[in-house]
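# Structural description and commentary
Here is what each chain is made of, one letter per residue.
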Amino acid sequence: MASPSSGGAEREGLDERLLDKLLAEAHAAAPMDLPELADRCAVAIGLEGLVVYLVDIQQRHLIPLTHGLPTIDLDSTAAGWTYRTLDLRVEERDDGVLTVWLPLVDGAERLGILGVRTIALDPVRLRRCRMLGSVLAMAITSKRAYSDSFARHSRTEPMDLPAEMLRALLPPRTIGGEHAVSTAVLEPAYHIGGDAFDHSLTQSTLHAAIFDAMGHNLASGLTTTVAMAGCRNARRAGAELPELVDTIDRALGRWLPDQYCTGVVAQLDLTEGIFRWCNCGHPPPLLIRGKRVVEGALERPAQPPMGLPAQFATEPRAAYEVLLEPGDRVLLYTDGVTESRIEGGSEFGLRRFTDSIIRGAAAGELAPEALRRIIHAILDLQKNALRDDASLLLVEWRSPRPRPAPAGSSPRVIQT
């Protein structure tokens, strides 16, 4: 008779062989072969079957990669609950078969969910399901970069050309790690003209930016494209924030002299929690501390938009610093958010906007889920018909080590 330890070693050996086979097949599989591969692997580890669901662009539905299955509503189902919270959920059918919903995540980015059918669920099966989900998430992320299959699959309507151009440049919706997360949303998802966001991580710093170009057409998209390229080019060369903005100013002034864009470019020190930013003609960021918005915390003297207006400025670009507390969130947004119209013709406004933020903070929602709910609230009030682009980017800092909180509720500010 085999000892318990030998049984454990045997299971670990099987897991290793399954993982090796899965990695090899996932690497070679065509993008839309992944559902069949996932189902074969599910059967091999003792499950009844598995379905991969990806979230649509607007994060309202979960769409199965397997043809012929229904779309799942994200806000009213157990499967949607798993996507919203990133927690496992189990449902039992009348015939005793279990459906296990697991999040499908690449790093901090929510891709969708896995729907696993099984007669029984034990720690070994659950571990194998998670292993399978991890490999599928990496495979989907790598293959969607060169295949239209996943892009088509996640769309529910045709996309305008400016939106297609801008979305091709965007990073993942959410990035992050142990110390910080940055997450963003853009609407109208299929018709954006000049809004965009960017974020990137290094070992010590989280970089984030939001842009809003003049107008709402292809020229606006081109303006934002040049601004994003200038931002990345300077950032990757190690430029400080004022120099980074100068790079964008020169690029727009040379190549698109009749265009300009507003924006905020920022850096977060992951160890110390120092948030540093330049605001170029844009609404000031909001500081969310605990369950409230700290009024005026990040308001600073106005600077001109990026592009030609900056050539006539009398003052050099300035960067500002604020020391965050663990758990603080900084929200960047475009004016399409607060200037959107609700029923009756009045503006959504900054107060309604901050009230929405406070409710999300009070509910303890994950940062990506808080943004999803806020943008959907704005869309629902306007019957999904925005007059202008509305974009949000939220940065959250989690201290890597405890430290005493600064005295008072106002942040410490350092101007450079």
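Residues numbered from 1 in each chain as written. Predicted model: local features only at pLDDT ≥ 70, side-chain atom pairs only at ≥ 80, totals over all residues. Heavy atoms only, no water.

### Some words on the overall build of the protein
Threshold: The helix count covers DSSP runs of H or I at least four residues long, the strand count covers runs of E at least two residues long, and both are numbered beginning at the N terminus. Summary of the burial criterion: residues with accessible area below 20% of their type's maximum are buried, those above 50% are exposed, and those between are partly exposed, where the area comes from a 1.4 Å probe applied to protein chains only. Contact between two residues is taken to exist if any of their heavy atoms lie within 4.5 Å; hydrogens are not considered. Using a 1.4 Å probe, the Shrake-Rupley method yields the accessible areas, and only the shown protein chains count as cover for residues.
Helices and strands together make up the secondary structure of the protein, namely 12 helices and 19 strands. The 416 residues of the protein split such that 52% are buried. The contacts of the protein with a sequence gap of at least 6 include a subset with a gap of at least 24, amounting to 68%. A total of about 19000 Å² of accessible surface is found on the protein, and carbon and sulfur atoms cover 53% of it.

### Some points on a nonpolar patch on the surface
Just so we agree on the cut-off: A residue counts toward a patch only above 30% relative accessible area and without a salt bridge, and it is joined to like-charged neighbours within 9 Å or, for Val, Leu, Ile, Met, Phe, Trp and Tyr, to nonpolar neighbours within 5 Å. By convention in these notes, a salt bridge is any Lys or Arg side-chain nitrogen within 4 Å of a carboxyl oxygen on Asp or Glu.
On the surface, a nonpolar cluster with roughly 270 Å² of combined accessible area is contributed by L161, L218 and L222. With respect to the helices and strands, the residue L218 is situated in helix α7 (residues 218-236). Note on L218: relative accessible area 38%, which makes it partly exposed.

### Observations regarding the sheet that holds strand β4 (residues 89-92)
Our working rule: Any two strands with at least two DSSP-identified bridges between them are counted as paired. Throughout, an axis means a line fitted to C-alpha atoms (over the contacting stretch in the case of helices), and angles, computed between N-to-C directions, take values from 0 to 180 degrees.
The 6 strands lie next to each other as β3-β2-β1-β6-β5-β4, forming an open sheet whose pairing is antiparallel. The open sheet terminates on both sides in strands that have one partner only, identified here as β3 (72-73) and β4. Direction of pairing for strand β1 (residues 49-55) relative to strand β2 (residues 61-64): antiparallel, over a ladder of 3 bridges. From the neighbouring strand, L54 faces β2, where its bridge partner is I63. Sitting on the sheet, helix α4 (residues 123-143) is in contact with β1, β5 (98-106) and β6 (109-118), with an inclination near 40° to β5.

### A look at the side chain of H199
How we decide: The definition of a polar contact used here is a pair of N or O atoms within 3.5 Å, where within protein one atom must be able to donate a hydrogen and the other to accept one, and adjacent residues in sequence count solely through side-chain atom pairs.
Here H199 shows up in strand β9 (residues 195-201). H199 gets classed as buried once you look at its relative accessible area, which sits at 4%. Within the structure, H199 has its side chain in polar contact with the backbone oxygen of P172 (distance 2.7 Å). Side chain to side chain, H199 and S182 meet in a polar contact 2.7 Å long. Residues within four places of H199 in sequence aside, it is in contact with P171, P172, R173, T174, I175, S182, T183, H207, A208 and L393.

### A closer look at the pairing of strand β8 (residues 180-187)
With respect to burial, β8 is a largely interior element, 8 of its 8 residues being buried. Taking every second residue as pointing to the same face, both faces of β8 are buried, with A180, S182, A184 and L186 on one and V181, T183, V185 and E187 on the other. In the sheet, strand β7 (residues 174-176) pairs with β8 via 3 bridges, with the strands oriented antiparallel. Across the sheet, G176 pairs through a bridge with V181, a residue of β8. Counting the residues in the hairpin turn of β7 and β8 gives 3 residues. The pairing of β8 with strand β18 (residues 390-397) spans 8 bridges and is antiparallel. Note that in β18 the partner of L186 across the bridge is S391.

### What to know about the sheet that holds strand β14 (residues 292-294)
The pairing of strands in a sheet happens through backbone hydrogen bonds and is either parallel or antiparallel. Across the sheet, which stays open at both edges, the 6 strands sit in the order β7-β8-β18-β17-β13-β14 with antiparallel pairing between neighbours. The open sheet has two edge strands with one neighbour each: β7 and β14. In this sheet, adjacent strand axes meet at a mean angle of 20° when their direction is disregarded. Along the sheet, helix α12 (residues 367-381) makes contact with β7, β8, β17 (329-333) and β18, crossing β8 at roughly 20°.

### As for the packing of α7 against helix α8 (residues 241-255)
The test is simple: Orientation labels follow simple angle bins: below 35 degrees gives roughly parallel, above 145 gives roughly antiparallel, 65 to 115 gives roughly perpendicular, and whatever is left gives oblique. For any helix crossing, the convention is left-handed if the near helix is rotated counterclockwise from the far helix by under a right angle, and right-handed if that rotation is clockwise. Throughout, the ten residues Ala, Val, Leu, Ile, Met, Phe, Trp, Tyr, Cys and Pro are labelled nonpolar, Asp, Glu, Lys and Arg are labelled charged, and all others, Gly among them, are labelled polar.
At a closest axis distance of 8 Å, the pairing of α7 and α8 adopts a crossing angle of 140°. On the basis of their axis angle, the class for α7 and α8 is oblique. At the point where α7 passes α8, the crossing takes the right-handed sense. Residues T223, V226, A227, G230, C231, A234 and R235 of α7 lie in contact with α8, whose contacting residues are L244, T247, I248, A251 and L252. Looking at the contact of α7 with α8 residue by residue, the class counts come to 8 nonpolar, 3 polar and 1 charged.

### Section: the confidence of the model for the protein
To keep it simple, the criterion reads: pLDDT expresses, on a scale from 0 to 100, how confident the predictor is about each individual residue.
Residues at a pLDDT of 70 or more form 87% of the protein, whose mean pLDDT is 85. In the model, residues 1-6 has pLDDT below 50 throughout and makes 0 contacts with residues more than four positions away in sequence or in other chains. A low-confidence stretch, residues 405-416 (pLDDT under 50), is modelled with 26 contacts involving residues beyond four sequence positions or located in other chains.

### Quick word on the environment of A213
By secondary structure assignment, the location of A213 is in strand β10 (residues 205-213). A residue is classified by how much of its surface remains accessible, and A213, at 5% relative accessible area, is buried. C-alpha separation for the pair A213 and D389, spaced 176 residues apart in sequence, amounts to 9.9 Å. Every residue in contact with A213, bar those within four places of it in the chain, is listed here: G194, S220, T223, T224, Y260 and C261.

### Notes on the packing of aromatic side chains
Put simply, the rule is: Classification of ring pairs rests on two measures: the distance between centres of Phe, Tyr or Trp rings, Trp counted by its six-membered ring, which must be within 6.5 Å, and the angle between planes, read as stacked under 30 degrees, edge-to-face over 60 and tilted in between. Cation placement over rings: the criterion is NZ of Lys or CZ of Arg within 6 Å of the ring centroid and within 35° of the ring normal.
Taken as a whole, this structure holds 3 aromatic pairs when the rule is applied. Residues Y53 and W101 carry aromatic rings whose centres are separated by 5.8 Å and whose planes lie at 65° to one another, so their mutual orientation is edge-to-face. Note that Y53 is positioned in strand β1 and W101 in strand β5, a separation of 48 residues in sequence. In terms of burial, Y53 and W101 fall into one category: buried. A ring pair is formed by W277 and Y320, whose centres lie 5.9 Å apart and whose planes are at 45°; its orientation type is tilted. Of this pair, W277 sits in strand β12 (residues 274-280) while Y320 sits in strand β16 (residues 320-323); the two residues are 43 residues apart in sequence, bridging distant segments of the chain. W277 gets classed as buried once you look at its relative accessible area, which sits at 1%. Residue classification places Y320 among the buried positions, given a relative accessible area of 5%. Here the aromatic cluster, defined as three or more aromatic residues joined through ring pairs, consists of F275, W277 and Y320. Against the face of W81 rests R89, its NZ or CZ located 4.6 Å from the ring centre.

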